[in-house]
Amino acid sequence: MIFEAAAEPLRNTSDSLFHLSGMEPSRRGRRPSQIDIAAVCSRWRTIAHKTATMWNTIIFDNYLANEAAEEWCARGKSTPLDLVVAFLDCAEEGRWHRVALINRVSHRLRTLKLVGYKLPLNHVASEWTLPAPWLQTYEVLTRFCYCEDHTVSMDATGMFIRAPSSFPALRSLKISPMYFPWRTAPAFDGCCASSVQDLTLSFQDWPRTDLASTFRLLAAFQNMTSLKLENVAICEAGSHATECTAIVGLEPVHLLQLQSLLVTTSYGFDSCFQWLHLLDAPSLRTVNINNSQSWQRELPQIAG
Ligand SMILES: [Zn+2]
Ligand SMILES: [Zn+2]
């Protein structure tokens, strides 16, 4: 029992992106609690190694050897797997082991978080090919790498992720940040899983949020009930005499199941929200804009 409970703390630490970005040196060399427990004595080690559920949360970062990642995954047997994989190395061989591991455990994946540079993540989108029938939560967090300007082809400037339609059980998808045009492998159209209920999109300060592309993307998530748009940069105007230029020519996007909307804006983009009126969301119940619920009062207008 104590062994199964020990799997829990590691799940919490898996949220530390600082650690994965290598920005928190004090955490280097830290050992997961599973390893500490297994090191107590040979009896504990035997039990720990046999407790499959202790090994189903794994962070495969730059400090974890390939062999250790393999072995831990194997100890998890066929239990559902929560996996974090860092691709903070643009070299070919650094990626190869990690993609191979993802493919090998793809049938067990319950959650997958990929953190890394654009170049390797672009490759992962096409190299991770095996089915992920149980994957419920998928996050792609892209970090800036100085080498990528020289090595990423023009073709790869768009965000390139595996098509969500290849995840039939997917409920939650997070992409941070969005790059436009947004592309998936093999193609954008018709790729979005109807199972997705929670969608989170983070935007960059520059270039600005491409509203037309964003709407096109949103429209593809037919059964979405919860939407988070982070660091939105759509219109800088303080006020408009007429219609907002950012929304001219855009059709409303129909989000019939949407119940909860959370928006944060990029610095200086917190005055004009005319674009919100293009969200046709008749089921909307909760609106939170920049941590304020005052928009709640405008709900009928947004929804209408
Ligand atoms: Zn790079
Ligand atoms: Zn405006």
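Summarised in this report is the structure supplied together with it. (Residues numbered from 1 in each chain as written. Chains lettered and ligands numbered in written order. Predicted model: local features only at pLDDT ≥ 70, side-chain atom pairs only at ≥ 80, totals over all residues.)

Looking at the overall build of the protein chain
Then comes step 1: Counting its regular elements, the protein chain contains eleven helices and 13 strands.
Then comes step 2: For the protein chain, the proportion of its 304 residues judged to be buried stands at 33%.
Then comes step 3: Put simply, 79% of the contacts in the protein chain that link residues at least 6 apart link residues at least 24 apart. (Helix = DSSP H or I, 4+ residues; strand = E, 2+ residues; numbered from the N terminus. Buried ≥ 20, exposed ≤ 12 C-beta atoms within 10 Å, placed from the backbone. Contact = placed C-beta atoms within 7 Å.)

Here's the deal with helix α6 (residues 66-75)
Then comes step 1: Within the span of α6, buried status applies to Ala69, Trp72 and Arg75. With its buried residues spanning 130 degrees around the axis, α6 presents them on a single face. Across from the buried face of α6, at angles greater than 90 degrees, the exposed residues are Glu67, Glu71 and Ala74.
Then comes step 2: Close packing links the buried residues of α6 with α5 (42-50), β1 (57-60) and α7 (92-105).
Then comes step 3: Looking one or two places after α6, you find lysine 77, whose phi comes out positive at around 50 degrees. (Arc of directions from axis to C-beta.)

A word on the pairing of strand β11 (residues 260-265)
Then comes step 1: Here β11 shows a buried face lined by Leu261, Val263 and Thr265 and an unburied face lined by Ser260, Leu262 and Thr264.
Then comes step 2: By the bridge criterion, five bridges tie strand β9 (residues 226-232) to β11 in an arrangement that is parallel. Considered in β11, the bridge of leucine 227 is made with leucine 261.
Then comes step 3: Pairing of β11 with strand β13 (residues 286-289), which is carried by four bridges, proceeds in the parallel orientation. Bridge pairing links leucine 261 to valine 287 in β13. (Pairing = 2+ DSSP bridges.)

A look at the sheet that holds β9
Then comes step 1: Spatial ordering of the open sheet is given by β1-β2-β3-β4-β6-β8-β9-β11-β13, a layout of nine strands whose pairing is parallel. Both outer strands of the open sheet, β1 and β13, are each paired with one neighbouring strand and no more. Across the sheet, the mean angle separating the axes of adjacent strands is 5 degrees when strand polarity is ignored.
Then comes step 2: Pairing of strand β4 (residues 137-143) with strand β6 (residues 172-176), which is carried by five bridges, proceeds in the parallel orientation. If you follow tyrosine 138 over to β6, its bridge partner there is leucine 173. (Axes fitted to C-alpha atoms, helices over the stretch in contact; angles between N-to-C directions.)

Quick notes on the nonpolar core
Then comes step 1: Grouped together as the largest cluster of nonpolar side chains are 68 residues, with contacts concentrated most on Phe60, Leu83, Val85, Leu114 and Val196.
Then comes step 2: With six residues, strand β2 (residues 81-87) is the largest single contributor of residues to this core.
Then comes step 3: For leucine 114, the residues in contact, after removing those within four places along its chain, are Val85, Phe87, Leu121, Val124, Glu139, Val140 and Leu141. (Core = buried A, V, L, I, M, F, W, Y, C linked by C-beta atoms within 7 Å.)

Some details on the pairing of β2
Two faces, one strand: in a regular strand the side chains alternate between the faces of the sheet.
Then comes step 1: Across the seven residues of β2, seven count as buried, placing the element largely inside the fold.
Then comes step 2: Going residue by residue along β2, you find Leu81, Leu83, Val85 and Phe87 tucked away on one face and Asp82, Val84 and Ala86 tucked away on the opposite face as well.
Then comes step 3: Where β1 lies against β2, four bridges are found, and the strand directions are parallel. What sits directly across from phenylalanine 60, in β2, is valine 85.
Then comes step 4: Considered for its hand, the β-α-β crossover made up of β1, α6 and β2 is right-handed.
Then comes step 5: For the crossover from β2 across α7 to strand β3 (residues 109-117), the handedness is right-handed. (Right-handed = clockwise from strand over helix to strand, strands pointing away.)

With respect to the environment of arginine 171
Then comes step 1: Residue position: arginine 171 is located in the loop between β5 (160-162) and β6.
Then comes step 2: For arginine 171, a count of 16 C-beta atoms within 10 Å translates into the label partly exposed.
Then comes step 3: Distance from arginine 171 to threonine 137, taken between C-alpha atoms, is 6.1 Å for residues 34 residues apart in sequence.
Then comes step 4: In this structure arginine 171 touches Gln136, Thr137, Ser195, Val196, Gln197 and Asp198, once residues within four positions along its chain are discounted.

Topic: the environment of histidine 97
Then comes step 1: Among the secondary structure elements, histidine 97 is positioned in helix α7.
Then comes step 2: Overall, histidine 97 belongs to the partly exposed group, with 15 C-beta atoms counted inside 10 Å.
Then comes step 3: Linking histidine 97 and asparagine 66, residues 31 residues apart in sequence, is a C-alpha distance of 6.8 Å.

Spatial relationships are all this shows, so hold off on functional conclusions.
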